[in-house]
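# Structural overview
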Amino acid sequence: MLRAGVTTISSSGHPYLVANYNRPLTEDLKIKYNFLRAENSHQELKTWEAARATSAAPRFFKPFFHKPTGYSFNDGGLRFNNPVVVADQEWKLLWPNLANKHPDILLSIGTGYDPTPKPDLDKQGRRLRAKRGALEFAKVLLKIATQQIESSVGCEQTWSNFLRSLPIQDEDKAAKYHRLNIDLPNKLPTIDQVDQMANLKRSSEDFCYNNPLIDQISTKLIASLFNFRLDGSSRVTQGTLNKWDCEGTILCRLEPGSDALKRLCKRLETRRNGLPRRNHLFFMNERRNSRGTPDQQLIAEDSLFDNVTKGKPFEMKINFSMFGPEDSMRIFLSLSDKECDVSLISGFPCRILKEHDAYRPLARVDSARTQRGHKSKAPSFYSAVSVNSSASSLSGIFRGVVTKAGAKSSSY
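Figured I'd write up the structure that's included with this text. If you're wondering where the values come from, they're calculated on a predicted model, not measured in any experiment.

Here we take up the packing of aromatic side chains. If you walk through the whole model with that rule in mind, you get 14 aromatic pairs. Taking the centre distance of 5.7 Å and the plane angle of 40° together, the rings of Trp159 and Phe162 count as tilted. Linking Trp159 with Phe162, this pair stays in helix H5 (residues 152–164), spanning three residues, or about one helical turn. Take Trp159 and Phe162: they sit in the same class, and that class is buried.

Quick look at the structure:
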């Protein structure tokens with residue numbers, strides 16, 4: 001299910017998040033706003049009503065009055081012009097058991113950036129209030145509200161502050177947070193300059209053309225469709241060395257038999273067939289005590305793609321070994337030979353054995369017996385390794401919060 005919401009401001013000045021999903025209500029919010037989801041379906045805001053509520057910019061549009069609820073709404077940009085902090089807080093409230101982890105990807109999308117400094121209207125307002133009275137002061141307040149909505153500099157500062165607040169320790173985690181915005185120095189049009197739409201479109205196309213960041217984000221979104229399930233692990237002792245032989249499955253979230261899954265697998269098969277060894281679609285890399293180990297190539301058999309064509313789910317079986325519960329494992333998807341087309345799949349990096357209950361005291365297995373073909377009698381442990389993509393794959397920002405692309409709902 002798509003979970004989406006938009007920010008807006010009530011006529012009394014209180015910030016709201018209008019959403020199409022339910023979540024527990026709590027007073028313990030780092031970012032303060034009211035969560036609005038109607039209890040009755042006839043009181044819910046339709047998609048166009050939510051869009052009208054979040055974009056009711058002063059001077060340009062009247063406040064939107066929603067008769068079924070009796071609420072009057074103004075532009076959400078008056079409080080959250082870049083609501084990335086709202087998006088980040090919401091997915092943690094929806095999935096509290098994952099709140100201490102990083103999303104697969106959080107994407108903030110801007111609407112154009114003008115770095116040129118603007119006059120401080122707040123100072124102007126204080127001067128006018130002292131010299132010209134309430135009427136002129138009210139006019140400047142309106143200008144301040146408009147500037148807040150149109151402020152591209154403020155949006156960039158919000159993003160910078162958000163990044164500084166994150167507990168990021170390595171490049172894998174830092175690569176999960178992205179912002180797309182077009183630099184338009186001295187060319188950023190006002191809200192009502194509709195004659196500039198063609199120029200904005202042209203600038204956006206130029207920005208996207210051959211932009212490696214676009215390719216990188218696209219790959220991350222595709223890679224987040226795949227997740228890993230640990231099917232079993234057993235400890236094997238070879239002299240003084242302990243290791244864990246693991247079995248697992250790479251899965252895809254797309255619906256079995258769907259056109260989307262078939263098209264994706266056709267792309268993956270074409271990519272695989274163009275490789276010298278025809279197997280470098282997925283690979284693993286283990287980090288042991290900050291020392292990287294060589295990549296382990298994961299073979300994608302012909303039967304995998306044949307099964308998908310027949311309407312079966314994407315299930316790629318893999319086997320690998322690990323040397324302890326503290327080992328951090330990474331599984332990558334490679335869509336081309338370009339570095340920007342390689343990305344971690346959902347839920348990685350992670351300590352598979354430690355985080356997913358596979359590390360327990362097991363019976364010692366004699367390595368000689370194992371090498372002669374005797375199967376280990378040690379038990380297997382099953383666990384899912386996944387970060388929910390509907391919370392983490394995409395948090396697009398257009399003065400609203402969108403947690404997955406492709407809205408089809410007729411109401412919010």
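Still to come is the rest of the account.
As a further point, take the side chain of Asp75. Among the structural elements, Asp75 can be located in strand S5 (residues 71–75). On the basis of relative accessibility, which here comes to 2%, the residue Asp75 falls in the buried class. A distance of 2.6 Å separates a polar atom in the side chain of Asp75 from the backbone nitrogen of Gly77.

A few words on the pattern of salt bridges. According to the stated counting rule, one finds eight salt bridges in the structure shown. Glu44 is the salt-bridge partner of Arg37, the closest N and O atoms lying 2.3 Å from each other. The class of Glu44 is buried, set by a relative accessible area of 12%. Residue Asp88 pairs with Lys92 through a salt bridge whose shortest N-O separation is 3.1 Å. With Asp88 and Lys92 both in helix H2 (residues 84–94) and four residues apart, the pair spans about one turn of that helix. In this structure Asp88 comes out as buried when scored by relative accessible area, which is 8%. A relative accessible area of 28% means that Lys92 is categorised as partly exposed. Ionic contacts of the salt-bridge type, sharing partners, join the residues Arg229, Asp231 and Lys317 into one network.

Here Pro256 shows up in the loop between strand S9 (241–252) and helix H9 (259–273). Distance from Pro256 to Phe314, taken between C-alpha atoms, is 7.3 Å for residues 58 residues apart in sequence. Pro256 has contacts with Leu261, Gly311, Lys312 and Pro313, leaving out every residue within four places of it along the chain.

Thresholds, definitions, all that
- Residues numbered from 1 in each chain as written.
- Predicted model: local features only at pLDDT ≥ 70, side-chain atom pairs only at ≥ 80, totals over all residues.
- Heavy atoms only, no water.
- Phe/Tyr/Trp six-rings, centres within 6.5 Å; stacked < 30°, edge-to-face > 60°.
- Helix = DSSP H or I, 4+ residues; strand = E, 2+ residues; numbered from the N terminus.
- Buried < 20%, exposed > 50% of the residue type's maximum accessible area, 1.4 Å probe, protein only.
- Polar contact = N/O pair within 3.5 Å; in protein donor to acceptor, adjacent residues only side chain to side chain.
- Salt bridge = Lys/Arg side-chain N within 4 Å of Asp/Glu carboxyl O.
- Contact = heavy atoms within 4.5 Å.

Scope: geometric values only; no functional claims are made or implied.
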